Amino acid sequence: MDTADFFQPGTTYKRGRWLFQCLAVAPRPLNQELRAVGFLYRPTEPDTATGLGLADWEHGEWIPVE
């Protein structure tokens, strides 16, 4: 997979009001599905640890935040 085609560790992305801080990318142990692991949050609300997959990336229109 081309690295430009998925979330990148150390990058924060924005989609609408949501932000996703990607900490790592790794395959799931049972089915090898690629997951981006990090924190999903809105600026004024608590964050939630989560994992996002290829469908989230393809459907999500995530934009890197500088």
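So, here is what we can say about the structure in this document. (Residues numbered from 1 in each chain as written. Predicted model: local features only at pLDDT ≥ 70, side-chain atom pairs only at ≥ 80, totals over all residues. Heavy atoms only, no water.)

1. Quick word on the pairing of strand β1 (residues 12–15)
Put simply, the rule is: At least two bridges found by DSSP between two strands are what make those strands a pair. Starting at the N terminus, helices and strands are each numbered in turn, a helix being any DSSP run of H or I of at least four residues and a strand any DSSP run of E of at least two.
Across four bridges, the pairing between β1 and strand β2 (residues 18–27) is antiparallel. Its bridge partner lying in β2, Lys 14 is registered against Leu 19. Pairing between β1 and strand β5 (residues 63–64): two bridges, direction antiparallel. Residue Lys 14 lies in a different strand from β5, and its bridge partner there is Ile 63.

2. Things to note about the sheet that holds β2
Taken together, the five strands give an open sheet; going across it, the order is β4-β3-β2-β1-β5, and neighbouring strands pair in antiparallel fashion. A single partner strand is all that each edge strand has here, and the edge strands are β4 (48–52) and β5. Pairing of strand β3 (residues 34–41) with β4 involves five bridges; the strand directions are antiparallel. What sits directly across from Val 37, in β4, is Gly 51.

3. Points about the packing of aromatic side chains
Note the threshold: When two rings of Phe, Tyr or Trp (its six-membered ring) have centres within 6.5 Å they constitute a pair, described as stacked for plane angles under 30 degrees, edge-to-face for angles over 60, and tilted for the intermediate range. Exposed residues in this analysis have more than 50% of their type's maximum accessible area, buried residues have under 20%, and partly exposed residues fall in between, with area computed by a 1.4 Å probe over protein chains only.
Applying the stated criterion across every chain, the model contains eight aromatic pairs. Between Phe 7 and Phe 20 the ring centres are 5.1 Å apart and the planes differ by 70°, which places this aromatic pair in the edge-to-face class. Taken together, the positions of Phe 7 in the segment before β1 and Phe 20 in strand β2 put the pair 13 residues apart, joining distant regions of the chain. Accessibility assignment for this pair places Phe 7 and Phe 20 in one class, buried. Seen in terms of ring centroids, Phe 7 and Trp 62 are 5.9 Å apart; in terms of plane orientation they differ by 65°. Their pairing is edge-to-face. Placement of Phe 7 in the segment before β1 and of Trp 62 in the loop between α1 (54–60) and β5 is noted, with a sequence separation of 55 residues between them. Here Phe 7 falls in the buried class, since its relative accessible area comes to 1%. By way of ring pairs, the aromatic residues Phe 6, Phe 7, Tyr 13, Phe 20, Trp 57 and Trp 62 are connected into one cluster.

4. Here we look at the environment of Asp 56
What counts, and what does not: Residue contacts are defined here by distance: any two heavy atoms, one from each residue, within 4.5 Å place the two residues in contact. Polar contact is the term for a pair of N or O atoms within 3.5 Å; when the atoms are in protein, one must be able to donate a hydrogen and the other to accept it, and sequence-neighboring residues count only if both atoms are side-chain atoms.
By the element assignment, Asp 56 lies in helix α1. Look at Asp 56 and you get partly exposed, because its relative accessible area is 32%. Along the primary structure Asp 56 and Arg 35 are separated by 21 residues, whereas in three dimensions their C-alpha atoms are 9.7 Å apart. Asp 56 has contacts with Arg 35 and Trp 62, leaving out every residue within four places of it along the chain. A polar contact of 2.7 Å, which involves the side chain of Asp 56, links it to the backbone nitrogen of Gly 53.

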